[in-house]
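Below are the chains, spelled out letter by letter.
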Amino acid sequence: MRKKVIAGNWKMNKNAVEAENYINELKELVKDSTNEVVVCVPFIALCKAINAAKETNIKIGAQNMHFEEKGAYTGEISPKMLRDIGVEYVIIGHSERREYFNESDETVNKKLKSAFEYGLKPILCVGETLTQREEGITKAWVTNQVRLALDGLTNEQIGNTIIAYEPIWAIGTGKTASSEDANEVIRWIREEIKNICREVAENVIIQYGGSVKSENAKELFEMSDIDGGLVGGASLIAEEFAKIVNY
Ligand code: PEP
């Protein structure tokens, strides 16, 4: 049976001290959870968050990384740098990175390979715009994103990739995909993975993301194919995020 992974994505919110306080509050609230609890914090908060999360069941993730180990890439952070300080997870290809920072399917693919090379667990984000949904091309778009992202990965790496299906129109808008619609797209994603690598498809954890909150988490996460969530806004308050984790 696949484990549920509930990951918070703080985006560009909270400083290092706020991160430490948050983790100290969250650890008591989620200590009995059997779900995987991940909090993806800004780079400057990683060290404090990792320290605060020691000897707890909370894992810390970054929200992005470069695919190179080092070099002349001013302002970037490498996967080795993340690994060296004890980061476990990294979000790859969030729609905000694709939209505002020109991330392409090609760089997403490079980042995935690099994350595995440096022992990081990637959370790969895919999802369609409202226009694409209205045009009826959600399945083609999302499965193509998945195919391009996973291109050239080993079977084992594919099996260890966490995928977050995040319809862009549902991110930060308060609009959530219906649990049936989210489950259907996630099933299409799993079918696509079966086409690429049948042996591991049933192991791949596929989350839903897009305005998840404590009121809708249970309904979403109890669907047959939804293996947890990637949570933005509602992860900023420890008590609310804990309710989602303990749905
Ligand atoms: C996200 O940041 O990935 C996200 C899903 O945000 P929100 O939960 O705020 O829609």
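Attention in this report is confined to the structure presented alongside it.

Rules behind the numbers
- Residues numbered from 1 in each chain as written.
- Predicted model: local features only at pLDDT ≥ 70, side-chain atom pairs only at ≥ 80, totals over all residues.
- Heavy atoms only, no water.
- Helix = DSSP H or I, 4+ residues; strand = E, 2+ residues; numbered from the N terminus.
- Rg over C-alpha atoms; globule rule 2.2 N^0.38 Å.
- Buried < 20%, exposed > 50% of the residue type's maximum accessible area, 1.4 Å probe, protein only.
- Core = buried A, V, L, I, M, F, W, Y, C linked by side-chain atoms within 4.5 Å.
- Contact = heavy atoms within 4.5 Å.
- Polar contact = N/O pair within 3.5 Å; in protein donor to acceptor, adjacent residues only side chain to side chain.
- Arc of directions from axis to C-beta.

Right, let's talk about the overall build of the chain for a bit. In terms of regular secondary structure, the chain is built from 11 helices and eight strands. In terms of overall dimensions, the chain is globule-like: its C-alpha atoms have a radius of gyration of 17 Å, near the 18 Å expected for 247 residues. With the C-alpha coordinates aligned to their principal axes, the bounding extent of the chain is approximately 45 × 45 × 35 Å. In the chain, buried positions account for 52% of the 247 residues.

Once that is clear, we can look at the nonpolar core. In terms of nonpolar packing, the biggest core is built from 66 residues, with Leu26, Val39, Ile60, Ile189, Ile193 and Tyr208 touching the most fellow members. With residues near it in sequence (within four places) discarded, isoleucine 193 still touches Val146, Leu150, Ile158, Ile163, Arg198, Ala201, Val204 and Ile206. Ranked by size, the runner-up nonpolar core spans 12 residues in total, among them Cys40, Ile123, Ile162 and Ile205.

Looking at where glutamine 63 falls in the secondary structure, it is placed in the loop between strand 3 (58–62) and helix 3 (79–84). Within the local environment of glutamine 63, its side chain forms a polar contact with the backbone oxygen of lysine 11, the two atoms lying 3.0 Å apart. Here the side chain of glutamine 63 touches cysteine 40 through a polar contact of 3.2 Å, landing on its backbone oxygen. Glutamine 63 has contacts with Asn9, Trp10, Lys11, Met12, Cys40, Val41, Pro42, Ile91 and Arg97, leaving out every residue within four places of it along the chain.

Take helix 10 (residues 214–221) next. Among the residues of helix 10, those classed as buried are Asn216, Ala217, Leu220 and Phe221. Each buried residue of helix 10 sits inside an arc of 120° when the element is viewed along its axis, so together they form one side. Set apart from the buried face of helix 10 by more than 90 degrees, the exposed residues are Glu215 and Glu219. In this fold, the buried residues of helix 10 make contact with strand 1 (5–9), helix 9 (179–196), strand 7 (206–209), strand 8 (228–231) and helix 11 (238–245).

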